Amino acid sequence: LNSRGTALRLTDSKSTTIKESRFFNCKGRRGGAMILENTSALIIESTEFSDNGTETDGADIFAAGVSEIRITKSKFLNLDQNGSLYIQGTQTFVIEETVFR
């Protein structure tokens, strides 16, 4: 259990694109697969999240102060009891052609 997000942590970055990737069995106190803070844009396309977990919020993604988030053609599977996404302080949030199961 990693308190800072097991797979990916980004702070104060301009734009991040994650495409055709997989995040499996990532565990963290918050943001099991990834934590993003104070980032201009996060774009996730054709990415799969599965069996990620957290002690608090956002088993797959914990995002605070991210201006724009776009998730397309992705899968969030075997969702954690604490929720798949935790989004705070976002101006634009778009989800298209995405499965939550």
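Below is a short write-up of the structure. Given the structure is predicted, the values throughout are model-derived calculations rather than measurements.

1. Overview of the sheet that holds strand β10 (residues 68-72)
Across the sheet, which stays open at both edges, the 4 strands sit in the order β2-β6-β10-β13 with parallel pairing between neighbours. Two strands close off the open sheet at either side, each with one partner strand: β2 (15-19) and β13 (92-96). The mean inter-strand angle of the sheet, taken between neighbouring strand axes irrespective of direction, is 5°. Sheet analysis places β10 next to β13, joined by 5 bridges and oriented parallel. Pairing of E68 across the sheet is with T92, part of β13.

2. Notes on the nonpolar core
One finds F23, M34, L36, L42, I44, F49 and I61 to be the most contacted residues of the largest nonpolar core, which totals 16 residues. Those elements that place two or more of their residues in this core are β5 (34-37), β6 (41-45), β9 (61-64) and β10. If we skip the residues at most four places from it in the chain, L36 touches L10, L42, I61, F62, A63, A64 and V66.

3. A word on unusual backbone geometry
Although it is not a glycine, D51 adopts a positive phi angle of roughly 60°. Structurally, D51 is set in the loop between β7 (48-50) and β8 (53-54). D51 sits in the partly exposed class, given a relative accessible area of 37%.

4. Some remarks on the pairing of β10
A regular strand places its side chains so that they alternate between the two faces of the sheet. As defined by bridge partners, β6 adjoins β10 across 5 bridges and the pair is classed as parallel. Opposite A41, over in β10, you have E68 as the bridge partner.

Criteria and cut-off values
Residues numbered from 1 in each chain as written. Predicted model: local features only at pLDDT ≥ 70, side-chain atom pairs only at ≥ 80, totals over all residues. Heavy atoms only, no water. Pairing = 2+ DSSP bridges. Helix = DSSP H or I, 4+ residues; strand = E, 2+ residues; numbered from the N terminus. Axes fitted to C-alpha atoms, helices over the stretch in contact; angles between N-to-C directions. Core = buried A, V, L, I, M, F, W, Y, C linked by side-chain atoms within 4.5 Å. Buried < 20%, exposed > 50% of the residue type's maximum accessible area, 1.4 Å probe, protein only. Contact = heavy atoms within 4.5 Å.

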